[in-house]
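Single-letter residue listing:
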Amino acid sequence: MNFLRHVLIPSAVMALSACGVTKQSKPGDIRRELVSRRQARTELNVLFIGNSYSFGVPKAFAEIAGNQGRRVHVDQVTRSGWSLARHAANRETLQKINERHWDVVVLQEQSRLPSLPVRRAWMMVPAVMKLAERIRSRGGVPVLYQTWGRREGDSKRAHDDFHSMNGRLREGYRAAAGKAGGLTVVPVGDAWEREVSAGRGDRLFQPDGSHPSRAGDLLTAEVFCGQFFGT
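Residues numbered from 1 in each chain as written. Predicted model: local features only at pLDDT ≥ 70, side-chain atom pairs only at ≥ 80, totals over all residues. Heavy atoms only, no water.

Draft legend 1. Layout of the overall build of the protein chain. Secondary structure summary: the protein chain contains eight helices and seven strands in total. In the protein chain, which comprises 231 residues, the share counted as buried stands at 56%. When the accessible area of the protein chain is evaluated, it comes to approximately 10,200 Å², of which 50% is carbon and sulfur surface. (Helix = DSSP H or I, 4+ residues; strand = E, 2+ residues; numbered from the N terminus. Buried < 20%, exposed > 50% of the residue type's maximum accessible area, 1.4 Å probe, protein only. Areas by Shrake-Rupley, 256 points an atom, 1.4 Å probe, with all protein chains shown as cover.)

Draft legend 2. Spotlight on the side chain of N51. As for its position among the elements, N51 is in the loop between β3 (44-50) and α2 (57-67). Side chain to side chain, N51 and Q108 meet in a polar contact 2.8 Å long. Not counting residues up to four positions away in its chain, the partners in contact with N51 are T78, R79, S80, G81, W82, Q108, E109 and Q110. (Polar contact = N/O pair within 3.5 Å; in protein donor to acceptor, adjacent residues only side chain to side chain. Contact = heavy atoms within 4.5 Å.)

Draft legend 3. Region of interest: the packing of helix α4 (residues 91-98) against helix α5 (residues 117-137). Direction vectors running N to C along α4 and α5 enclose 30 degrees, while the axes themselves pass 9 Å from each other. In terms of their interaxial angle, α4 and α5 are classed as roughly parallel. Facing L94, I97 and N98 of α4, the residues of α5 in contact are L131, R134 and I135. Residues that form the contact of α4 with α5 fall into these classes: four nonpolar, one polar and one charged. (Axes fitted to C-alpha atoms, helices over the stretch in contact; angles between N-to-C directions. Parallel < 35°, antiparallel > 145°, perpendicular 65-115°, else oblique. Nonpolar A, V, L, I, M, F, W, Y, C, P; charged D, E, K, R; others polar.)

Draft legend 4. Molecular detail of the confidence of the model for the protein chain. On average, residues of the protein chain score 87 in pLDDT, and 83% of them are at 70 or above. Below a pLDDT of 50 lies the segment residues 1-27, which in the model reaches 56 contacts outside its immediate sequence neighbourhood of four places, other chains included. (pLDDT = per-residue confidence, 0-100.)

Draft legend 5. Up close: the pattern of salt bridges. By the definition in use, this model includes 12 salt bridges. Across the salt bridge formed by E193 and R170, the nearest N and O atoms sit 3.2 Å from each other. Separated by 23 residues along the polypeptide, E193 in helix α7 (residues 188-197) and R170 in helix α6 (residues 162-179) bring together distant segments of the chain. Look at E193 and you get buried, because its relative accessible area is 17%. Residue R170 is classed as buried on the basis of its relative accessible area of 18%. Look at the salt bridges and you will find they share partners, linking D75, K96 and E99 into a network. (Salt bridge = Lys/Arg side-chain N within 4 Å of Asp/Glu carboxyl O.)

Draft legend 6. Spatial organisation of α2. Residues of α2 that are buried include every one of V57, P58, A60, F61, I64 and A65, and no others. An end-on view of α2 places all buried positions within 160 degrees of arc, on one side of the element. Away from its buried face by more than 90 degrees, α2 exposes K59 and N67. Lining the buried residues of α2 we find β3, β4 (72-78), β6 (141-145) and α8 (214-229). (Arc of directions from axis to C-beta.)

Draft legend 7. Highlighting the packing of aromatic side chains. Applying the stated criterion across every chain, the model contains 11 aromatic pairs. Ring geometry for W192 versus F205: centroids 5.1 Å apart, planes at 80 degrees, classification edge-to-face. A residue pair is termed long-range when its members are at least 10 positions apart, and W192 in helix α7 and F205 in the loop between α7 and α8 qualify at 13 residues. The structure contains a cluster of three or more aromatic residues connected by ring pairs, namely F48, Y53, F61, Y145, W148, F162, W192, F205, F224, F228 and F229. (Phe/Tyr/Trp six-rings, centres within 6.5 Å; stacked < 30°, edge-to-face > 60°.)

See below:
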């Protein structure tokens, strides 16, 4: 099933300037930047950094891109339960950023942390800033992967639900992107929200109501392809 029938990609995104300093960009700038990179090297290099929410997404992204006739090299540094702060302090993660000229590096935070303002301020934002600086120094474009609310909401909050948690995550990722200088936010959680609202959400989750199923990975990968390639 082509999930893009249910995915609306926002038109306003942020991109890097030629000198590596972020700026407010016009719609489609990130796509034009990636087109120019593909024309120069014929292949788009994408690295995913995150945790178990990203285990299956890189493979799904490579599959979909390949089926569209696009040449991509995709790799990942994904560790169960890891935060971006842990990645920012991890030698392996930093070495992976350095080992190749990545066109895009996708940063995915722990599933609850962006929705918690205090922890976001002292854990997520400094980590995003450090990783983004390293990525930019290597000529890459850092982007944030906005994840989704858990099927039943945050179990540590009374009377919570998917939509409430998803809204807090959306706000948190946007806030972190702004604090880090204006990063592109890939709105995966918004696509999941549309599926949930349409009554198609259960298939996206594993039985734990948190992690993505194969269908969830495919939907997520479709959003990334739409953001990067305009499909």
